[in-house]
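Chain by chain, the residues run as shown.
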Amino acid sequence: MSAWLADSSGKLPRVAIVGGGPGGLFTAWHLEQRTAVPLSLTIFEATARLGGKVCTASFASADIQYEAGAAELYDYSPVDVDPLRELVQQLGLPTVAIGGSAVFVAGRSIANLDDLGDVGGASARREFANFDIRSRSAMTPADFYESGSDHAGDAVAAGRFEPALDGIGCGKARRYVDVMIHSDLATEAGETSCGYGLQNYLMNDPAYMQLYRIPGGNEQLMQAVAGRLAADVRLNAAVTAVGTGPNGALQLQFRSGERHLVEDFDTVILALPMDALKRVRFTDTALADAMRQHVEHHDHPAHYLRVSVLLDRPVPVLPGDDAYVMLDAFGGTCLYVESACDPCATNGVLGWLIGGTAAVEMASLTDDALVATVLDSLPPPLAICRDRVMEARVHRWTNAVSALPGGWSRLPVDRRHRPSRAHSRFFVVGDYLYDSTLNGVLDSAEHVAGWVVAEHASGPGTMLMDRDRATMEALQ
Ligand SMILES: Cc1cc2nc3c(=O)[nH]c(=O)nc-3n(C[C@H](O)[C@H](O)[C@H](O)COP(=O)(O)OP(=O)(O)OC[C@H]3O[C@@H](n4cnc5c(N)ncnc54)[C@H](O)[C@@H]3O)c2cc1C
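Conventions used here
- For every chain, the first residue of the written sequence is number 1, and numbering continues from 1 onward in sequence order.
- With pLDDT at 70 or above as the cut-off, local features in this predicted model cover only qualifying residues; side-chain atom pairs require 80 or more to be listed or tallied, and sums for whole chains, interfaces and linings still use all residues.
- Neither water nor hydrogens contribute to the side-chain values; these are computed over all heavy atoms in the structure.
- A run of H or I in DSSP counts as a helix once it spans at least four residues, and a run of E counts as a strand once it spans at least two, with each numbered from the N terminus.
- Note that the radius of gyration is over C-alpha atoms, with the globule rule given as 2.2 Å times the number of residues to the power 0.38.
- Buried, partly exposed and exposed residues are distinguished by accessible area as a fraction of the type maximum, computed with a 1.4 Å probe on protein chains only: under 20%, between the cut-offs, and over 50%, respectively.
- The contact definition used throughout considers only heavy atoms, calling two residues in contact when any of these lie within 4.5 Å.
- Counted charges follow a simple rule, with Lys and Arg positive, Asp and Glu negative, and His plus the chain ends left uncounted.
- The atom standing in for a charge is NZ when the residue is Lys, CZ when it is Arg, CG when it is Asp and CD when it is Glu.
- A carboxyl oxygen of Asp or Glu within 4 Å of a side-chain nitrogen of Lys or Arg is what we treat as a salt bridge.

Peer 1: Please explain the overall build of the chain as it appears in this structure.
Peer 2: On a plain count of helices and strands, the chain comes out with 15 helices and 21 strands. Taken over the C-alpha trace, the chain has a radius of gyration of 23 Å; the compact-globule value for 476 residues is 23 Å, and the two agree within 12%. Judged by the C-alpha coordinates and their principal axes, the chain covers about 75 × 55 × 40 Å. Here the chain holds 476 residues, and the buried ones make up 54% of them. If you take every contact in the chain between residues at least 6 apart in sequence, the share linking residues at least 24 apart comes to 74%. The centroid of the 38 positive side-chain charges in the chain is displaced by 3 Å from the centroid of its 58 negative side-chain charges.

Peer 1: Mind showing me how you'd approach unusual backbone geometry here?
Peer 2: Most peptide bonds adopt trans geometry, and most residues besides glycine take a negative phi value. Unusually for a residue other than glycine, Phe330 sits at a positive phi of about 55°. You can see Phe330 is positioned in the loop between strand 17 (324-327) and strand 18 (333-337). Taking relative accessible area as the criterion, Phe330 reaches 18% and is therefore assigned buried. Notably, Ser436 is not glycine yet its phi reads approximately 60°, a positive angle.

Peer 1: Please explain the pattern of salt bridges as it appears in this structure.
Peer 2: Scanning the model with the defined rule gives 19 salt bridges in all. A salt bridge links Arg125 to Asp114; the shortest N-O distance between them is 2.7 Å. On the accessibility criterion, Arg125 (33% relative accessible area) is partly exposed. Classification of Asp114 by relative accessible area gives partly exposed; the value is 46%. Measuring nitrogen to oxygen at the nearest pair gives 3.0 Å for the salt bridge that ties Glu263 to Arg234. Of this pair, Glu263 sits in strand 13 (residues 259-265) while Arg234 sits in strand 10 (residues 232-234), placing them 29 residues apart in sequence. On the basis of relative accessible area, Arg234 is assigned to the partly exposed category, the value being 22%. Connected via shared salt-bridge partners are Arg14, Asp232, Arg234 and Glu263.

Structure representation (structure tokens):
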């Protein structure tokens, strides 16, 4: 960014962002957009590519893309300002709305209350309708929107989700809800909170949010952000340790090829998911202690497994042009018809998003065994696709997301992002602090970037003292 100039001493404040996924790139974006003072920004990324789990891959036998990671973006603009939607718009990226109403249980499609009544009788219909009313009154669209903030009310209170589901007094209605939400949760109902469980149920209602994707691949969002950054991006640079150097600066140890290097920074922001964060060593005792507590609070791993197949012709059109259906296989699985929104598609692309315990258990199967297993789960309208497979790809995402973002009790937003009071210029950014989504990691990035910018603008000390006071008050 051209406005970044050296200060009078000739040295720019040095900011390191560790992680070149959405969290790191969004943080860099907001820092560069918002700062009025000169900063020197470096992004460390362990692999050869930016984008993290937003990963649009290509098949080998045809130049056709599929989503290996995040497939949906969530649009909250019907409820309030949606920073992700605004960013996508600002970057000039096209979008297409996606939806899916059918839940396949025992081979039958259930798309509405009448279908559920046909399959499960009056009690299934009644029990589901009551669960739906209870869920909506426990969490309004405005509650949902605020759920990651310090203004969140009781709707995000702790307590496991399972008892709420057990309140559905009909097995068929319960199964229907389980199948509807399991792959979004990426965990089992007993492993997450009522608040997070309800969010994953209510997200199916357009009054709460709407779903969209970027035609040609969601990774274009990450490329568009990265392409506009002035930051020094270091690829294949895995940070291994963080500590305090002899001069009091924050010190990063990192691997770059065969070399082990050390570099000092004024501010360090770790934009890493929990599995990567746990591999970083903290050489300063106070920082190590604070990070141990941070990890203990937020470490609730959840799992995904993705199988994508390329077909030699388009997928049969689903009712309502649905872009996905839910299957009762593997505890509840989302099957994306990725080619659904492209009327000119010459080939079909199907993607299974398997979550939770099933994803862990199945991750040990060979790719061939996995592909054969998922093809057996095709619902009747898509069963014909089985004989049309040209190529298949598998991506294992064990421990890659959070089953309980924010932990059992949410900490104040400032404290979530600055785990050690003794290290006022050390921050973390992550979706695991909000809701395991791109919207959440953008909120997190925006919060930290705003804090860092304000601190550098006001000079060392002042901003931090105000923040410390606010955090202490919130904790009392
Ligand atoms: C299968 C799957 C489906 C998903 N679907 C959706 C969806 O539909 N919608 C949605 O909103 N979200 C979805 N998510 C979640 C979404 O992908 C995450 O919210 C988002 O990727 C989090 O961004 P992040 O930067 O925190 O982590 P990551 O995306 O994991 O990026 C972290 C980056 O840090 C790098 N790194 C790791 N260790 C180091 C180190 N020591 N030094 C330097 N760099 C390091 C990694 O290589 C990576 O590039 C999905 C996730 C998965 C796995």
